[in-house]
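Analysis of the macromolecular model
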Amino acid sequence: MILVKNGHVIDPVNGINEEMDLFIKNGRISSEFKINEKECEVIDAKGKLVVAGAIDIHAHIAARKINSGRAMRPEEFRRVRQKTGKFRAAVGRTLLTAPAIGYEYVKMGYTTAIEPATPSLYTLHTHEELDSIPIIDKAALPLFGNWHLVFKFIAENDIEKLASFISWVLEKMKGYGVKVVNPGGVEAWMYGSNAHSIDDLVPYYDVSVRDIITGLIKANEMLDLPHSIHIHCNNLGEPGNYETTVDTMKLANGIRNNRRQVLHVTHVQFNAFSGSGWKDMGSGTEEIIKLVNKSDNITIDMGQVIFGHATTMTADGPFQFDLHKLLKNKWINLDVELETGTGVVPLIYRPSSPVHSVMWAIALELGLLVNPDKNVISTDYPNGGPFDRYPYIMTLLLSRKYREKEMERAHKYLQRAANLPSIDIERTLEDIVKMTRSSPARILGMHNKGHLGEGADADVVVYDINPAEFNPDKYREIEKALSSALFTIKGGTVVVKNGKIAGDIWGRTMWVDATLRTTAEIIEPDLEEYFNYYTVNRENYGVEERWMRRAERIEVG
Ligand SMILES: [Zn+2]
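Report on the accompanying structure. (Residues numbered from 1 in each chain as written. Predicted model: local features only at pLDDT ≥ 70, side-chain atom pairs only at ≥ 80, totals over all residues. Heavy atoms only, no water.)

With that settled, consider the overall build of the protein. The secondary structure content of the protein amounts to 17 helices and 26 strands. Computed over the C-alpha atoms, the radius of gyration of the protein is 22 Å, within 12% of the 24 Å expected from 2.2 N^0.38 for a compact globule of 557 residues. In terms of its C-alpha atoms, the protein occupies a principal-axis envelope of roughly 70 × 55 × 45 Å. A total of 557 residues make up the protein; the buried ones form 64% of that total. Relative to all contacts within the protein whose residues are 6 or more apart in sequence, the contacts with residues 24 or more apart total 78%. On the protein, roughly 20,300 Å² of surface is accessible, and the fraction owed to carbon and sulfur atoms is 47%. Considering the protein, the positive charge centre built from 65 side chains and the negative charge centre built from 73 side chains are found 7 Å apart. (Helix = DSSP H or I, 4+ residues; strand = E, 2+ residues; numbered from the N terminus. Rg over C-alpha atoms; globule rule 2.2 N^0.38 Å. Buried < 20%, exposed > 50% of the residue type's maximum accessible area, 1.4 Å probe, protein only. Contact = heavy atoms within 4.5 Å. Areas by Shrake-Rupley, 256 points an atom, 1.4 Å probe, with all protein chains shown as cover. Lys, Arg positive; Asp, Glu negative; His and termini not counted. Charge placed at Lys NZ, Arg CZ, Asp CG, Glu CD.)

Under the criterion given, the structure shown has 39 salt bridges. Between K25 and E32 there is a salt bridge whose closest N-O contact spans 2.8 Å. For E32, a relative accessible area of 38% corresponds to the partly exposed category. Measuring nitrogen to oxygen at the nearest pair gives 2.8 Å for the salt bridge that ties R508 to D137. You can see R508 sitting in the loop between β24 (500–501) and β25 (509–513) and its partner D137 sitting in strand β10 (residues 137–142), a full 371 residues away along the chain. Here the two residues R508 and D137 agree in accessibility, since each one is buried. What you see here is one network of salt bridges that share partners, running through R28, D137, K449, D457, D459, K490, R508 and E552. (Salt bridge = Lys/Arg side-chain N within 4 Å of Asp/Glu carboxyl O.)

Take a negative patch on the surface next. A surface patch of negative charge is lined by E243, D247, E286 and E287. Elements that contribute at least two residues to the negative patch include exactly α8 (242–250) and α9 (285–294). Position of D247 relative to the elements: it lies in helix α8. (Patch = residues over 30% accessible without salt bridge, like charges linked within 9 Å, V, L, I, M, F, W, Y side chains within 5 Å.)

To continue, consider the coordination of the zinc ion. Distances from the zinc ion to its protein donors, H58 (NE2), H60 (NE2) and D380 (OD), fall at 2.1 Å. If you list the donors of the zinc ion from N- to C-terminus, the spacing comes out as H-x1-H-x319-D. Taken as a pair, H58 in the loop between β6 (54–56) and α1 (63–72) and D380 in the loop between β20 (375–376) and α12 (390–398) lie far apart in primary sequence, 322 residues in all. For H58, a relative accessible area of 0% gives the class buried. On the accessibility criterion, D380 (2% relative accessible area) is buried. (Donors = N, O, S within 2.8 Å, 3.2 Å for Na, K, Ca; no water.)

An order of β11-β12-β13-β16-β20 is seen for the 5 strands of this open sheet, with the pairing classed as parallel. The sheet is open, and its two edges are formed by β11 (179–181) and β20, each paired on a single side. In this structure, strand β12 (residues 229–232) lies alongside strand β13 (residues 263–265), joined through 3 bridges in parallel fashion. The residue of β13 that forms the bridge with I231 is V265. (Pairing = 2+ DSSP bridges.)

Dropping the structure here:
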């Protein structure tokens, strides 16, 4: 039992922004009144900020491509973050080893992270990677946007079969939700093409990008999964692509779910460029921000760029090929039969680059102007930069002075190609708590997370920030405090003390079982027939719960 005494608690879900005590029992927040302090571990949090554990909604922390990236970039592993001792060794600059991922997250107060792109065929490996990451809770989203069976059911306009197929994949792979990457485009690329607009067609299937997205939204809502579909839009990284993003968002029109959004658009920065080419590329955030703020069924995450080293890795094979040509840097390409592609390309974001500077500004525009209830902080790790720089992003959103200082470093092209210089807004601590806790929890449908109400997971963080004396001009101190939690408690265990690892536990891997909502038999003949045409068999798919370290099944229906 732990008693966190007299801390300044900010918990937007329960309308709390005041000094109060928190009591933790059996790994959950408890509201018992008669507490015998002598029986508790007491943490004095007087004059300190107390919040729920943060959630990373989108970070490539497992799956095959981070390992490809690690193999491709030995230079990333010269930095030793922690030597072996009581806890495991942790190394890596921006690409981290699995132990380093868990440790670095909890040091900044993050207690849950979502691997957002696992090919079904390789999901056993994804779970093995996730099982090597200590402390944090995890989940993985299988890729659906280029599965041949998805195209088939959509071509037949059979949403019921599509829903059954989604449920089959989630159960087999122990996945959490539906990820869509460059829908139709990765398949088209196998024929030397791509999908640039929502009306482009997938070769041989006669389905459009529009059909794929709306079909998957409808099937996801038919199953009423905890999370909506999670989309990486077409045309990522192309000047002028904000128009495709707006067209994609409009596909959610008229589809509703009372609990949450029906479309989560991820790392929007990479899909919010204006211009007709790199010479006139600029910020295309204006229309996107208006649309997200007025819609109650769309949410986003930022996809912030951090100046310095990064490694781009996505299932968007054609984009990775284009980037490799543009940067003339080393490149890995991988194809997954039936389902998806992948590419990996290292990159350095430089403040001296006009384009990189504008990208940096675009994400901040989204962070400052999109309603924090509909927006989540992300870097699309490791695409936009390392996740351990989240405190930098939070501080930039909190402090106009810090932004101005950083803008001086950036290329002056930013001044005319982005809107950031004219934005005076400073986010509040409560806004930041929303963008890192309550919003990702609600968007993912994780009801025990993102808040500190009775029965919530006892994921609690104490920061050396006094909300009563908060001064955004002291940005160095704020960033330092957010980088290094005084205490991180995970599921009722103290895992960080004064910014150092103090305890090592294993978190859960959550997966969604929707089989009660569907009739698996209706897709049996299709599965039987389809796997005749490929080198992979049905038996190549599947992960058993008992093979996972700590699986948590979430049943719907
Ligand atoms: Zn991503």
